[in-house]
Amino acid sequence: MRVNDGRWPGWGVDAGLVVLTFVPALLSQPYVDTSGPAWVSLMAYEAVGVVVLLLRRRMPATAFVVGFSALLAALVGSAGEGAKLSPLVFLPPAVLLYNLGHHGVSRRRTMSAVLGVSVLSAAGLWLNRMTTDSGDFQGGLDVLAALAPMPLAWVMGFAARTRQELLLAAERRAADARRAQALEAAQATQRERTRIAGEMHDVVAHSLTLLVVHAETLRARGGELPDWARAQIDGLAAAGRQSSGELRDLLRMLRDPADAVPLQPVPDLGELDALLAGHRAAGGTVELTMDVASQPVPGSVQLAVYRVVQEALVNARRHAPGAPVQVTVYGKDDGELRCEIVNGRGVRRAAAGAGIGLGLVSMEERMSALGGELTAGPTGDGGFRVAATMPWAGADA
């Protein structure tokens, strides 16, 4: 039989309970009495018992009263005909009494059902003595012995229900504790994000603002500078303004992740020309080859390409000053976009201790988030190559 989530299906439980409750009486009846009245009373009783057993969850108290009434009718009717039923006919009322305690009906209904059954039992014993003269078929100690353990079935059902309620309460407390822990962790994370945003604002934003102010001051006095210096100052001022805008967006996101909509447009493939122009203004040499399919490239992929090219150019200026750089961006037929940045050997000595390796880590994280791949390493002629491949089919446009 198939098991769902570690529990038997409801119909399987009902079928098994019917078999275990009613079949034993049928098997033992031939050893007690094989007369026709005995079999008729037993079969009629079990037919009613099967129905009330299947309805026990919906109407616990009613099922118990009806099932017990059917048992009394079968016992009194068979005794009146001089027939005896198997003692195992008391199994169904025991199951129904367990069900009454387990399903937690109101105390008033439980007491009403027990009182009603008690009155029916007394009436059944009286009717039994009135309809038969033989002492062998009059209810006595044998009936009392069969009924005496019945309250234990209700106690077991009540204990099972209590245990189940305790388990559910423990699960709710555990769920509440997990939610409280998650909320506390989220609050701690937000406090740390706010602290980092404050530190970045106090240190980076302040220094970056001063850099832009000095660059704009130099631009205002551009007539006193040589031509090469004016180009460098223009590039410095533009880069400073762009970085200031991106830093403001980053600080807003750190302080409140729900307010992560950027104030300025997100860079895309159309901004690559301006990015390369800034590299050239800083004294670098770079060429771009771009062949993207006519279908639109998702914004997340375009941003990832922009950041990869941006980081690769920064690394080229830092580690291979003056080296020519070739940037290639093209779409593949299998729904992937490939970006490759290759720089040659630097014409000047790189600054000592330049870089701490976080740029490559950032690029790898971006590719991993998009389901892409990143390869980076030196070339045979002393240069460096960065290649990123990312799918755009499953990315958000």
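Residues numbered from 1 in each chain as written. Predicted model: local features only at pLDDT ≥ 70, side-chain atom pairs only at ≥ 80, totals over all residues. Heavy atoms only, no water.

Tallying secondary structure elements over the protein gives 11 helices and five strands in all. Across the 397 residues of the protein, 32% fall into the buried class. When contacts within the protein are restricted to residue pairs at least 6 apart in sequence, long-range pairs at least 24 apart make up 69% of them. (Helix = DSSP H or I, 4+ residues; strand = E, 2+ residues; numbered from the N terminus. Buried < 20%, exposed > 50% of the residue type's maximum accessible area, 1.4 Å probe, protein only. Contact = heavy atoms within 4.5 Å.)

Okay, the sheet that holds strand β3 (residues 336-343) next. Across the sheet, five strands lie side by side as β1-β2-β3-β5-β4; this open sheet has mixed pairing. Looking at strand neighbours, the two that pair on one side only are β1 (285-291) and β4 (373-378), the edges of this open sheet. Going from strand to strand, the sheet's axes swing by 10° on average, the running direction of each strand aside. As paired strands, β1 and strand β2 (residues 324-331) are joined by seven bridges and run parallel to one another. Bridge pairing in β2 links Leu 288 to Val 327. The sheet contacts of helix α9 (residues 272-281) involve β1 and β2, and relative to β1 the element is tilted by about 165°. Contacts from helix α10 (residues 299-319) reach β1, β2, β3 and β5 (384-391) within the one sheet, and its direction differs from that of β3 by about 10°. (Pairing = 2+ DSSP bridges. Axes fitted to C-alpha atoms, helices over the stretch in contact; angles between N-to-C directions.)

Pairing between β3 and β5: eight bridges, direction antiparallel. Bridge pairing links Val 342 to Arg 385 in β5. In the sheet, β4 pairs with β5 via six bridges, with the strands oriented antiparallel. Note that in β5 the partner of Pro 378 across the bridge is Phe 384. Taking the residues that link successive antiparallel strands as the turn, the β4-β5 hairpin has five residues, and the phi of Gly 382 there is positive, at about 90°.

As a further point, take the packing of helix α2 (residues 36-54) against helix α3 (residues 60-80). Between α2 and α3, the shortest axis-to-axis distance is 9 Å and the interhelical angle comes to 180°. Relative to α3, the element α2 lies roughly antiparallel. Residues Ser 41, Tyr 45, Val 48 and Val 52 of α2 form the contact with α3, whose participating residues are Ala 63, Val 66, Gly 67, Ala 70, Leu 71, Ala 74, Gly 77 and Ser 78. Taken together, the residues of the contact of α2 with α3 sort by class into eight nonpolar, four polar and no charged. (Parallel < 35°, antiparallel > 145°, perpendicular 65-115°, else oblique. Nonpolar A, V, L, I, M, F, W, Y, C, P; charged D, E, K, R; others polar.)

Glancing now at the pattern of salt bridges. Considering all chains together, one arrives at four salt bridges under this definition. Here Asp 176 makes a salt bridge to Arg 179, at a shortest N to O gap of 2.1 Å. Highlighted residues: Asp 176 and Arg 179, both in helix α7 (residues 150-220), separated by three residues, approximately one helical turn. Taking the shortest distance from any N to any O, the salt bridge between Glu 340 and Arg 385 comes out at 3.0 Å. Taken together, the residues span a long stretch of sequence, with Glu 340 in strand β3 and Arg 385 in strand β5 at a distance of 45 residues. Given the relative accessible area of 23%, Glu 340 is considered partly exposed. Using a relative accessible area of 29% as the deciding quantity, one classes Arg 385 as partly exposed. (Salt bridge = Lys/Arg side-chain N within 4 Å of Asp/Glu carboxyl O.)

Turning our attention to the confidence of the model for the protein. Per-chain confidence: the protein averages 77 in pLDDT, with 78% of residues scoring 70 or above. Within the model, the stretch residues 1-5 combines pLDDT values under 50 with five contacts to residues more than four positions away or in other chains. (pLDDT = per-residue confidence, 0-100.)

Before going further, it helps to spend a moment on α3. Helix length check: α3, at 21 residues, gives a terminal C-alpha distance of 30 Å against a target of 30 Å (1.5 Å per residue), a fit within 8%. Gly 82 lies just past α3 and shows a positive phi near 75°. (Expected span 1.5 Å × (residues − 1).)

Taking the UniProt record as the reference, the feature "transmembrane region" (unreviewed entry) is found at residues 12-32, 38-55 and 62-79. What you have in residues 12-32 is 81% helix and 0% strand, and the ends, taken at the C-alpha atoms, are 31 Å apart. Annotated as 100% helix and 0% strand, the span residues 62-79 places its first and last C-alpha atoms 26 Å apart. (UniProt positions renumbered as here; feature names shortened; annotations may be inferred.)

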